[in-house]
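Breakdown of the fold
Residue strings, one per chain:
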Amino acid sequence: MTVKLRNDLEAIPSYRQGKAPAAADREMYKVSSNENPHAPLPSVVSAIAATAGTVNRYPETAAAQLTQRLADLFGADTSQIVLGAGSVESLSQLIRATSGPGDEVLFAWRSFEAYPMLVRAAGATPVTVPLAAGHRHDLDAMLAAITPATRLVIVCNPNNPTGTVVPDAEIRRFVQGVPSDVVVLIDEAYYQFNSDSPAPGGVDLFHEFPNVVVAHTFSKAYGLAGVRVGYALAAERITAAMRKVAVPFGVTGLAQSAALASLDAELELEQRVSGLIAGRERIAGALAAAGWTLPTSRTNFLWFPLGDDTVAAAKVFDEHGLVVRPFPGEGLRVTIAEDPANDRILTAARELAERGLTGGLFSPQQASPVLH
Ligand SMILES: *Cc1c(COP(=O)(O)O)cnc(C)c1O
């Protein structure tokens, strides 16, 4: 006899990590997981090293210092901050604190791949609303999709993998339309890359609406994907519920000190983010000049909605030394990284155009004039 497992697990897709190049292959750039290409700052490495000698002890669950710093940063009370092992754990905590069997969790699609898995893992039902024209959230359709079974609505802003932004005023109108007993999660994993409005707009809404939760991470702009630390801002009633379902000791002492050291080095890290934004604008501008029409990205990645050409196009990127993230039949996502990697996006795109693998996104007649 085989062991008995949960019947509903069949329905949960397994998380696919962004592909890594073969270890020996120095010619390849891994631009499949929206990681920060910069190695941690020396000050951050030192902070991690300084904590290394204490790992025989469990971490401090309250993470008092980091929690206080974050509370000060966002004008919140420490009771309104809950840390997680990456903001994926914050999402998981919130989903399990709000939703179980029979409950619905609403989000746009395509959006972050982890949402449907985490919702199903909680035994709840994912309900998706297709993105609107321009690969943006269709907030009116999302409002219309709320039912008495809806417990949680997730808005990923800017959206992964399309890179698009919902302006603060539109989210505000949306939040006003959501019943006040339904939680709204604004996932701002990429807010620092939103050059239109780099302040995390969700935080204002969190201060105003007790049903709004905001999730942030140290993985992307702060370059700490490997130590696993993120957090949510939420009303105390919600954070208390999230703490009940959290994995005990999920955020290590190493992660706490790395996060604190990163907050100390905010200026240096902001410069790195500015560099990545400049790289994005350079590549997006060159692609537009060549005749590509892509959604406007306000993140550290570009979305090529190539439809049926996606898989063949991913191979072309691969041949040019870029391991990208394909979503077969829909599109592929390329992380903005160091300049030589970014340059390869342009050479790969040139070959896609030559080979007709453009998903209808390319029209040389529409090329914007190149300014010399
Ligand atoms: C990367 C990402 C996260 C957080 O990742 P962690 O490494 O778990 O902090 C959350 N939401 C979205 C949309 C992301 O892309």
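Read on for an overview of the structure.

Criteria and thresholds
- Every chain is numbered independently, its residues counted from 1 as its sequence is written.
- Two thresholds apply to this predicted model, a pLDDT of at least 70 for residue-level local features and 80 or more for giving and counting side-chain atom pairs, whereas whole-chain, interface and lining totals are computed over all residues.
- Note that water and hydrogens are dropped before the side-chain values are worked out from all heavy atoms of the structure.
- What makes a residue near a molecule or strand is one non-hydrogen atom of that residue sitting within 4 Å of it.
- Two N or O atoms form a polar contact when they lie within 3.5 Å of each other; inside protein one atom must be a possible hydrogen donor and the other a possible acceptor, and for residues adjacent in sequence the pair counts only when both atoms belong to side chains.
- Only the protein chains shown count as cover for residues, with accessible areas throughout obtained via the Shrake-Rupley method and a probe of 1.4 Å.
- Helical segments are the DSSP runs of H or I of at least four residues, strand segments are the runs of E of at least two, and each set is numbered from the N terminus.
- Between buried and exposed lies partly exposed: a residue is buried under 20% and exposed over 50% of the maximum accessible area for its type, with that area taken using a 1.4 Å probe on protein chains only.
- Working rule for contacts: check all heavy atoms of both residues, and any pair within 4.5 Å makes them a contact.
- By nonpolar core is meant a set of buried Ala, Val, Leu, Ile, Met, Phe, Trp, Tyr and Cys residues that side-chain atoms within 4.5 Å join together.
- Salt bridges are counted wherever a side-chain nitrogen of Lys or Arg sits within 4 Å of a carboxyl oxygen of Asp or Glu.

1. Points about the site of the ligand
Inspection of the region around the ligand gives 13 residues, with Ser 87, Tyr 190, Thr 217, Ser 219 and Lys 220 positioned closest. In the environment of the ligand, an oxygen atom lies 2.8 Å from a nitrogen or oxygen atom belonging to the side chain of Asn 160. Within the contact set of the ligand, an oxygen atom lies 2.7 Å away from a side-chain nitrogen or oxygen of Tyr 190. For the ligand, the accessible surface in isolation is 390 Å², of which the surrounding protein chains cover 94%.

2. Focus: the side chain of Glu 113
By the element assignment, Glu 113 lies in the loop between strand E3 (104–109) and helix H4 (114–121). A relative accessible area of 12% places Glu 113 in the buried class. Here the side chain of Glu 113 touches Arg 325 through a polar contact of 2.3 Å, side chain to side chain. The residues touching Glu 113, leaving out its near neighbours within four places in the chain, are Tyr 15, Arg 16, Arg 325 and Phe 327.

3. Quick notes on the nonpolar core
Residues Phe 218, Leu 287, Phe 304 and Phe 317 are the most contacted members of the largest nonpolar core, which totals 85 residues. Ile 95, Phe 107, Val 119 and Ala 215 belong to the second-largest nonpolar core, a separate cluster that totals 24 residues.

4. Some points on the pattern of salt bridges
Applying the stated criterion to the full structure yields 16 salt bridges. For Arg 151, the salt bridge is made with Asp 103, and the minimal N-O distance between the two is 3.7 Å. Linking Arg 151 in strand E5 (residues 150–156) with Asp 103 in the loop between helix H3 (87–98) and E3, this pair joins segments that are 48 residues apart in sequence. Its relative accessible area of 38% is what places Arg 151 among the partly exposed residues. For Asp 103, a relative accessible area of 13% corresponds to the buried category.

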